Amino acid sequence: MTGLVTIFGGSGFVGRYVARRMAEAGWRVRVAVRRPNEAIFVRTYGAVGQLEPVLCNIRDRESVASVLQGADAAVNCVGILNEVGRNTFGLVQHYGALHVAEEAAKAGVQRLVHVSAIGADARSKSTYAQTKAQGEEAVRTHFPNAVILRPSVIFGPEDQFFNRFASMARFSPVLPVTGGGTRFQPVYVDDVAKAAMLGVTGQAEPGIYELGGPEVRTFSELMEEMLEVIARPNRIVLNLPLFLSAAMGTFFDLLQRLSLELFKNSMLTRDQVANLAVDNVVAADARGFADLGIDPVAMEAVIPEYLWRYRPSGQFYEIRESAKRMRS
């Protein structure tokens with residue numbers, strides 16, 4: 001079956017990959033975003049008129065209902081890592097998911113895919129994790145046949161994980177991390193998009209799938225591997241104690257509020273510290289990629305393809321190193 005799919009957050013990191021895959025499969029794609037003018041690039045993923053950015057604010061129920069009219073399927077990729085202005089965890093990740101599920105059911109949408117996260121837990125100390133769990137519950141209540149995807153930390157060319165720390169490593173001899181011993185199972189963004197496509201096309205059974213790549217690494221190990229890729233192994237990975245990180249996060253949060261959000265805390269929040277204290281790996285009894293027939297891509301096969309720009313001399317690093325060896 002092909003038809004019309006509405007992708008909430010379809011120009012974001014994960015959403016753009018879902019949009020591209022759906023377009024390649026022949027679907028018409030409605031990319032629902034807050035700033036359609038900044039999402040024009042998605043039109044290049046398919047034929048003329050196949051992908052169209054449309055205005056939608058997931059916090060507004062009427063806005064959600066309008067972009068679901070006539071849709072055969074929907075994918076919700078909207079999520080935030082820190083709160084700014086009206087974009088709070090509760091309004092975006094709980095009530096936003098509620099709006100999508102309720103309005104999708106009312107509009108007669110046949111299939112719904114909801115992108116959540118490993119660690120979604122209503123009992124968590126993290127508001128992020130709590131609202132992810134509340135969003136999942138809202139989806140299950142109002143759209144029982146939904147496919148819910150819980151990825152671990154996601155990597156890819158546009159990620160805010162490896163890119164962020166690689167950028168820091170270019171200038172700083174020390175790379176501070178919080179929760180250095182916390183385990184992650186990094187997953188390639190296009191593998192998450194494949195799973196979403198299977199949900200849209202009905203090839204995935206309803207329910208929850210936890211998505212993790214083939215490698216499990218601690219935060220510190222991930223940073224050390226990243227430093228090897230960008231040819232900066234002399235940098236020091238400094239594991240900050242959780243109490244110190246919590247104090248730093250509290251300070252940055254307070255600074256954001258006192259500055260009336262002129263300073264936006266993209267560095268470290270207290271809520272992120274709470275998240276980083278808990279392992280982020282696929283549960284032993286969870287359904288995952290194997291149940292979807294997907295062989296996840298290894299991290300080592302992808303990150304060198306986009307982290308090269310952080311190496312000394314960037315794209316010319318290997319040429320210069322080869323020339324050095326020839327001279328010696």
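Bear in mind the structure is a predicted one, so any value in this text is a computation, not a measurement.

In the Ramachandran plot, Ala231 falls in the positive-phi region, its phi being about 60 degrees despite a non-glycine side chain. Of note, the phi angle at Leu260 is positive, near 55 degrees, even though the residue is not glycine. Here Leu260 falls in the exposed class, since its relative accessible area comes to 73%.

What follows deals with the packing of helix α2 (residues 61–68) against helix α3 (residues 89–106). Where α2 meets α3, the closest approach of the two axes is 9 Å, and the angle between their N-to-C directions is 45 degrees. When the axes of α2 and α3 are compared, the pair comes out oblique. Relative to α3, α2 is oriented so that their crossing is right-handed. Two secondary-structure elements touch here, α2 through Arg61, Val64, Ala65 and Leu68 and α3 through Leu98, His99, Val100, Glu102, Glu103, Ala104 and Lys106. In terms of residue class, the contact of α2 with α3 is made up of six nonpolar, one polar and four charged.

Let us look at the sheet that holds strand β2 (residues 28–33). Ordered by their spatial adjacency, seven strands build an open sheet running β3-β2-β1-β4-β5-β6-β11, and the pairing between neighbours is parallel. Edge positions in the open sheet fall to β3 (51–55) and β11 (207–211), since each of these has one partner strand only. Averaged over all adjacent pairs, the angle separating strand axes in this sheet is 20 degrees, with direction ignored. Bridge count between β2 and β3: five bridges; the pairing is parallel. When the bridges of β3 are listed, Arg30 appears paired with Glu52. Sheet contacts for helix α1 (residues 15–24): β1 (4–8), β2, β3 and β4 (73–76); angle to β1, the most-contacted strand, approximately 170 degrees.

Turning our eyes to something else, we now look at the layout of surface pockets. The space that makes up the second largest pocket amounts to roughly 240 Å³. Forming the boundary of the second largest pocket are 14 residues, of which Glu83, Asp253, Gln256, Arg257 and Thr269 lie nearest the centre. Counting residues per element, the lining of the second largest pocket draws most heavily on helix α8 (residues 242–258), which supplies three residues. Tallied by class, residues from the lining of the second largest pocket come to two nonpolar, seven polar and five charged.

Both faces of β4 are covered, namely the face carrying Ala73 and Val75 and the face carrying Ala74 and Asn76. Here four bridges tie β1 to β4, and the two strands are oriented parallel to one another. Across the sheet, the residue bridging to Ile7 is Val75, located in β4. Taken together, the four bridges between β4 and strand β5 (residues 111–115) define a ladder with parallel strand orientation. Its bridge partner lying in β5, Ala74 is registered against Leu112.

Conventions and cut-offs
Residues numbered from 1 in each chain as written. Predicted model: local features only at pLDDT ≥ 70, side-chain atom pairs only at ≥ 80, totals over all residues. Heavy atoms only, no water. Buried < 20%, exposed > 50% of the residue type's maximum accessible area, 1.4 Å probe, protein only. Axes fitted to C-alpha atoms, helices over the stretch in contact; angles between N-to-C directions. Helix = DSSP H or I, 4+ residues; strand = E, 2+ residues; numbered from the N terminus. Parallel < 35°, antiparallel > 145°, perpendicular 65-115°, else oblique. Left-handed = near helix turned anticlockwise from the far one by under 90°. Contact = heavy atoms within 4.5 Å. Nonpolar A, V, L, I, M, F, W, Y, C, P; charged D, E, K, R; others polar. Pairing = 2+ DSSP bridges. 1 Å grid on protein atoms, 1.4 Å probe; cavity = no way out; pocket = protein on both sides within 12 Å on 5 of 7 lines; lining within 4 Å. Points joined across faces, edges and corners; volume = space filled by probe spheres on them.

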